[in-house]
Amino acid sequence: EVLHVDDLANACVYFMNKKIKNSIINIGTGKDYSIKYYANLMKKIILPNKKIFIKYDSSKPNGTLRKVLDVSQAKKYGWKSKTSLENAIIKTYQSYLKEIN
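Figured I'd write up the structure that's included with this text. (Residues numbered from 1 in each chain as written. Predicted model: local features only at pLDDT ≥ 70, side-chain atom pairs only at ≥ 80, totals over all residues. Heavy atoms only, no water.)

For the rest of this paragraph, the subject is the overall build of the protein chain. Each helix and strand in the protein chain was counted, giving 4 helices and 0 strands. For the protein chain, the α and β elements follow one another from N to C terminus as α-α-α-α. Its C-alpha atoms give the protein chain a radius of gyration of 17 Å, clearly above 13 Å, the size a compact globule of 101 residues would have. Taken along its principal axes, the extent of the C-alpha atoms in the protein chain is 50 × 40 × 15 Å. Among the 101 residues that make up the protein chain, the fraction classed as buried is 19%. Partitioning the intrachain contacts of the protein chain with sequence separation of at least 6 by distance along the chain shows that 87% fall at a separation of at least 24. Side chains of the protein chain give 19 positive and 8 negative charges; the mean places of these two sets differ by 3 Å. (Helix = DSSP H or I, 4+ residues; strand = E, 2+ residues; numbered from the N terminus. Rg over C-alpha atoms; globule rule 2.2 N^0.38 Å. Buried < 20%, exposed > 50% of the residue type's maximum accessible area, 1.4 Å probe, protein only. Contact = heavy atoms within 4.5 Å. Lys, Arg positive; Asp, Glu negative; His and termini not counted. Charge placed at Lys NZ, Arg CZ, Asp CG, Glu CD.)

See below:
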């Protein structure tokens, strides 16, 4: 699961200003994707006009375990992430390009 830093900051402020009963709340998107999906999306955004082939390690055919947070408490209190995965990658990549130039 991937969460953009702006959404995390927003959640922190949101819950600091909210009177809630729970002291622990998972902050996340509640969505996860395969490594293949992440790789192809980043490839499409960062190098859209290049032919890039991704090589997978076939000795590890099961990949990684699913790691998605239960964000039902956050939703119950009215918070959810606002930045889509694609926009998060675009924002992060643009920030990176600005820093290296």
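Our focus in this paragraph is the side chain of T29. Examined against the element boundaries, T29 turns out to sit in the loop between α1 (5–16) and α2 (35–46). Looking at T29, its side chain comes within polar contact range of the main-chain nitrogen of K31, at 3.1 Å. Discounting residues that sit within four places of it in the chain, T29 has contacts with E1, V2, L3, V71 and S81. (Polar contact = N/O pair within 3.5 Å; in protein donor to acceptor, adjacent residues only side chain to side chain.)

Moving on to the environment of I25. Along the chain, the position of I25 falls in the loop between α1 and α2. Here the alpha-carbon distance between I25 and F15, two residues 10 residues apart in the chain, equals 9.0 Å. In this structure, I25 is in contact with F15, I20, Q73, A74 and Y77, ignoring residues within four places of it in sequence.

A separate point is the nonpolar core. In terms of nonpolar packing, the biggest core is built from 6 residues, these being A11, F15, I25, A74, Y77 and W79. Contact partners of A11, with chain neighbours within four places excluded, come to I27 and W79. Judged by nonpolar contacts, the second largest core, of 5 residues, contains Y38, L41, I45 and I89. (Core = buried A, V, L, I, M, F, W, Y, C linked by side-chain atoms within 4.5 Å.)

It is worth spelling out the packing of aromatic side chains at this point. Evaluation of the coordinates by the stated rule reveals 5 aromatic pairs. Summarising the aromatic geometry, the rings of Y14 and F15 are spaced 5.1 Å apart at their centres and angled 85° between planes, so their arrangement reads as edge-to-face. Residue classification places F15 among the buried residues on the basis of a relative accessible area of 12%. Pairing Y33 with Y38 gives two aromatic rings, centres 5.9 Å apart and planes at 85°, and the pair type is edge-to-face. Owing to a relative accessible area of 33%, Y33 belongs among the partly exposed residues under this scheme. (Phe/Tyr/Trp six-rings, centres within 6.5 Å; stacked < 30°, edge-to-face > 60°.)

Counted under the stated rule, the structure contains 2 salt bridges. One salt bridge in this structure joins K91 and D6, with 3.7 Å as the shortest N-O distance. One end of the pair, K91, is in helix α4 (residues 85–100); the other, D6, is in helix α1, with 85 residues separating them in the sequence. Judged by its relative accessible area of 43%, D6 is partly exposed. For the salt bridge of K44 with E86, the shortest nitrogen-to-oxygen distance reads 3.9 Å. Highlighted residues: K44 in helix α2 and E86 in helix α4, separated in sequence by 42 residues. (Salt bridge = Lys/Arg side-chain N within 4 Å of Asp/Glu carboxyl O.)

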